[in-house]
Amino acid sequence: MGETWRAVFGHDEPYPEQADGIETAISTAERDGFAVIEGACGTGKTMLALTAGIDRVRDPDSDFERVVVLTSVKQQLRQFEADVRTINDGLPDDWRPVSALTLVGKADVCPYSRERAGRIDESTVYDRCEGLRERTRNLTGSEGPTTAATLAAEARQAQTGLLDSGGGGASVDYLETAGEPTPYLPDTAEYGDTEYCPFYAQYLDDLPEEGDPVEAVPFDFEDAGLLDTEDLVGLSAGHGTCPHSMLGALLPHVEVVIGNYYHAFDPRTVDSFTGALLDDATFVVCDEAHMLEPRVRDLVSDGVADATLRDAESELTRAIQPVELDGVEGRSPSGNRTRSGDSRTGSGTPESGDGALVRGELEESDVTLSELKETRAFVRDLREELDRRVRAHLDRKYPAWRTGMDDLPDEEIPLRDPETPEPDRITEWATKEYGDDVWVRAEAVGAVVARVLNELEEEDRERAAPTAGRVLGAWYRADHGRYFRSIDCSRTWNEAEPADSWRRAYNARLSLHNCVPSDAIADRLGEFGGGVLMSATLEPLDVFRTVTGLDELADDGRPVVERTYGLTFPAENRASFAVDAPAFTHENRGAPGSASDTRRVYVDAVVEVARREGNVLVGMPNYAEAEWMAGELETRLDSPVLLDESSDDGATEALKSDFFAGGSKTLVTSLRGTLTEGVDYRGDRLHAAVVCGVPLVDTTRPRTRAVATAYDRAFGCEGRGGRSGFETALTVPAVRKARQAIGRVIRGPDERGVRVFVDARYARDRWNGVREYFPEWEREEFQPVSPDMLSLGLDRFDG
């Protein structure tokens, strides 16, 4: 294999590991396979993956047409953007730039949402957009009163009309966004009494009757290089066309698409937006791939909230009422009663316009009125059954809950034994009461209700009936081994609910959890032509291959090639310790605040590190332990101690700014939070990281037990992995979390820092040890030390 990729590579010379990784990725993808790469900080994984993918796209003998980058971390998305720019800056003079696009949500690109105009903001943009688009299409459809060109032209002329009439005076202005003026007023447009979107009207006008939607793009994208969000919005809105529609039109035609996991793995996003990217002409890059399994598990799980069921019941009633009010229910055009169970009538029955509309939709969809009524009764009874089970659970666990709702915690109510795959209690109850048909037909019924109400009601909103129908259908179809069903109650407060109702304190949800997402991952990856899955923490690679379904692809003839690259920066710039302290387990440490010997050892170890110069990041197994550790450190350290609590993005960003502001500080957080992955602590922002304990999730939760049991059945000794479900589902991901935190310290060849694991499980090979889950190079670096020798090791490094 030649080295044509060097023309694409964005720097003068690659690192040796980088060159090996690029060539491995290229050769593997050419055989329709996947390269699995663990590379420590400094490997240059972003440039590695982009170079390999773009080389395949630019090779005239290759079948690849595009690179799709998927990442779960916003900072990494920005890094890919930066590396695309670097590649374009270094391309040979006679090469055209690599065309690239960043995928973002509708709220980020809609001009009205961005500028809080037209009664549209982040909370309303999806519903309002769909409603405006539908009305725009209706106005310009085959039976519409006008054309898209007319609508767009009228919106452009509205500014001039207002100025000529003197109605607006000097205050009349154009909507501006992304630094560009648009041709329209700062509000949605109207044709007669119908509100529409002029940006979408312009897109429809530019759209060819036959051919590719890319012909509607009014600017040169092939030579533009990377179009980030601001570029796309400015170019699109400045031309008066819809930026979100431009995203969809451009997707199949740019060479690099940068997005999130849900752009490939969320079934609804794929069906509605990104499906064109999923084919064998796409070279896929899964960045931060250690997060692939948990993120996809969430994306392919499902559920329906109690409030959604309530709204679905109301929608079913509103769809049924027009026919009932006609007073002709169940009569044929001749006035005779129809057969039992068939509530449809012919069009000859005299009835209101609304009733005729409902009957027309039912006839076209082959859904009967009796099915609407049966589904409504089912949804109503399902809510009552949910209510009964929540009350019974609270009565059993918190007998006085009605008088102390302020203190109720989140609750997870299992609907079967988590360790015994069997039909859940809701399914058993519903099947006994209603049989199978109401489950099977729920999705079709929900879709019809949405269509009916979208015709009858002009309000822009997402309908609940389709969501309820989809989930009920999935609930019925999903097996009971890989899926776990529960009622999840999350804290809220709603004064509108009765004082003795749990709905005042909780939002409840019927949850359908996909415990084992390997099949979903393998099926989706199998649609791509090949690519790279990479992270700094993928080891053990045999576990990663198993739980992400890569072994299934290998069995089907798709090569899977592994590479592990260690830390290449100077070894003398880092000190690495695995402190042989008593395991930080609940049995050893007791509750936060207890004066156990184990807790004292951990505080002493953290103090030894934190009393020295420089910022220190301390990772604890959860937020409760982080709060305890921060309190202890405040009494023993002279420098500031910052506590990260589970909070919104704004609070987290403010905390980071405080931490980076100068002077030595100690930041204590949960290893399952957002500050231990994907945050850039480059330069002197971080001198040391201390990881206390192994951050296992709560192993007493029913869902956690169900996942471990499902993994045991799928990958345990009876499955192909040979490891226990507890290992593959819980321990290995926890160790990856810990390694991610430690990896924040050394980010460049000139940086110096200290990395400390505190827990005997990191230090010794023992029955519950985790050293075996480290790559070999890391096991060699983190040599065990006793707690009393940590100070000596730190002194030697400082000296």
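Going by the structure above, here's the rest.
Residues numbered from 1 in each chain as written. Predicted model: local features only at pLDDT ≥ 70, side-chain atom pairs only at ≥ 80, totals over all residues. Heavy atoms only, no water.

What about the overall build of the protein chain?
Within the protein chain, the regular secondary structure consists of 31 helices and 23 strands. At 30 Å, the protein chain has a C-alpha radius of gyration in line with the 28 Å of a compact globule built from 799 residues. Overall, the C-alpha framework of the protein chain stretches about 95 × 75 × 60 Å when taken along its three principal axes. Per-residue burial for the protein chain yields a buried fraction of 55% across its 799 residues. Here the analysis covers contacts within the protein chain between residues at least 6 apart in sequence; of these, 75% occur between residues at least 24 apart. For the protein chain, the accessible surface area stands at approximately 33600 Å², while carbon and sulfur atoms represent 44% of it. Side-chain charges in the protein chain split into 89 positive and 151 negative, and the spacing between the mean points of these groups amounts to 6 Å. (Helix = DSSP H or I, 4+ residues; strand = E, 2+ residues; numbered from the N terminus. Rg over C-alpha atoms; globule rule 2.2 N^0.38 Å. Buried < 20%, exposed > 50% of the residue type's maximum accessible area, 1.4 Å probe, protein only. Contact = heavy atoms within 4.5 Å. Areas by Shrake-Rupley, 256 points an atom, 1.4 Å probe, with all protein chains shown as cover. Lys, Arg positive; Asp, Glu negative; His and termini not counted. Charge placed at Lys NZ, Arg CZ, Asp CG, Glu CD.)

Let's talk about the pairing of strand β1 (residues 34–39)
Most of β1 sits inside the fold, with six of its six residues counted as buried. Here β1 shows a buried face lined by Phe34, Val36 and Glu38 and a second buried face lined by Ala35, Ile37 and Gly39. Bridge count for β1 against strand β16 (residues 560–565) is six bridges, and the pairing is parallel. Within β16, the residue paired with Ile37 across the bridge is Arg563. Sheet topology note: the β1/strand β15 (residues 530–535) ladder contains five bridges and is parallel. Across the sheet, residue Ala35 finds its bridge partner in β15, namely Val532. (Pairing = 2+ DSSP bridges.)

Observations concerning the pattern of salt bridges
Enumeration according to the criterion identifies 66 salt bridges in this entry. A salt bridge links Arg739 to Glu38; the shortest N-O distance between them is 2.7 Å. Of this pair, Arg739 sits in helix α28 (residues 725–742) while Glu38 sits in strand β1, and the two are 701 residues apart along the sequence. With respect to burial, Arg739 and Glu38 carry one shared label: buried. Put simply, Asp306, Arg383, Asp387, Arg391 and Arg503 are held in one network by salt bridges that share partners. (Salt bridge = Lys/Arg side-chain N within 4 Å of Asp/Glu carboxyl O.)

Looking at the sheet that holds strand β8 (residues 226–227)
An order of β8-β3-β9-β2-β10-β15-β1-β16 is seen for the eight strands of this open sheet, with the pairing classed as parallel. Because the sheet does not close on itself, it has two edges, and the strands there are β8 and β16. Packing of helix α1 (residues 16–29) onto the sheet brings it into contact with β1, β10 (282–286), β15 and β16, and relative to β16 it is tilted by some 175°. (Axes fitted to C-alpha atoms, helices over the stretch in contact; angles between N-to-C directions.)

Examining the packing of helix α9 (residues 229–238) against helix α10 (residues 243–250)
At a closest axis distance of 9 Å, the pairing of α9 and α10 adopts a crossing angle of 110°. Between α9 and α10, the crossing angle belongs to the class labelled roughly perpendicular. Crossing hand, α9 versus α10: right-handed. Each of Leu232, Val233, Ser236 and Ala237 in α9 lies in contact with α10, whose residues at this interface are Pro243, Met246, Leu247 and Leu250. Residues of the contact of α9 with α10, tallied by class, amount to seven nonpolar, one polar and no charged. (Parallel < 35°, antiparallel > 145°, perpendicular 65-115°, else oblique. Left-handed = near helix turned anticlockwise from the far one by under 90°. Nonpolar A, V, L, I, M, F, W, Y, C, P; charged D, E, K, R; others polar.)

Concerning a negative patch on the surface
Together, Glu115, Asp173, Glu176 and Glu180 line one region of the surface with negative charge. According to the relative accessible area criterion, Glu176 is partly exposed, its value standing at 43%. (Patch = residues over 30% accessible without salt bridge, like charges linked within 9 Å, V, L, I, M, F, W, Y side chains within 5 Å.)

Brief notes about the environment of Gly557
Position of Gly557 among the secondary structure elements: in the loop between α22 (550–555) and β16. As for Gly557 and Asp798, which are separated by 241 residues in sequence, their C-alpha atoms are 52 Å apart.

Let's talk about the sheet that holds strand β12 (residues 411–414)
Spatial strand order, β11-β14-β13-β12: four strands in an open sheet with antiparallel pairing. Taken across any chain shown, the strands that pair with only one partner, and hence form the sheet edges, are β11 (302–305) and β12. The sheet shows a mean angle of 25° between the axes of neighbouring strands, taken without regard to direction. In this sheet, strand β14 (residues 506–514) lies alongside β11 in antiparallel orientation, the contact comprising four bridges. Residue pairing in the sheet places Gly303 in a bridge with Ser511 of β14. The strands that helix α14 (residues 306–326) touches are β11 and β14; relative to β11, the one it contacts most, it runs at about 65°.

Description of helix α17 (residues 425–434)
Taken together, the buried positions of α17 are Ile426, Thr427, Trp429, Ala430 and Tyr434. The buried side chains of α17 occupy one side of the element, clustering within an arc of 165° when seen end-on. Where α17 is buried, its residues contact α16 (369–397), α18 (437–456), α19 (464–477), β13 (483–491) and β14. With a side-chain oxygen positioned 3.1 Å from the backbone nitrogen of Ile426, the residue opening α17 is Asp424. (Arc of directions from axis to C-beta. Polar contact = N/O pair within 3.5 Å; in protein donor to acceptor, adjacent residues only side chain to side chain.)

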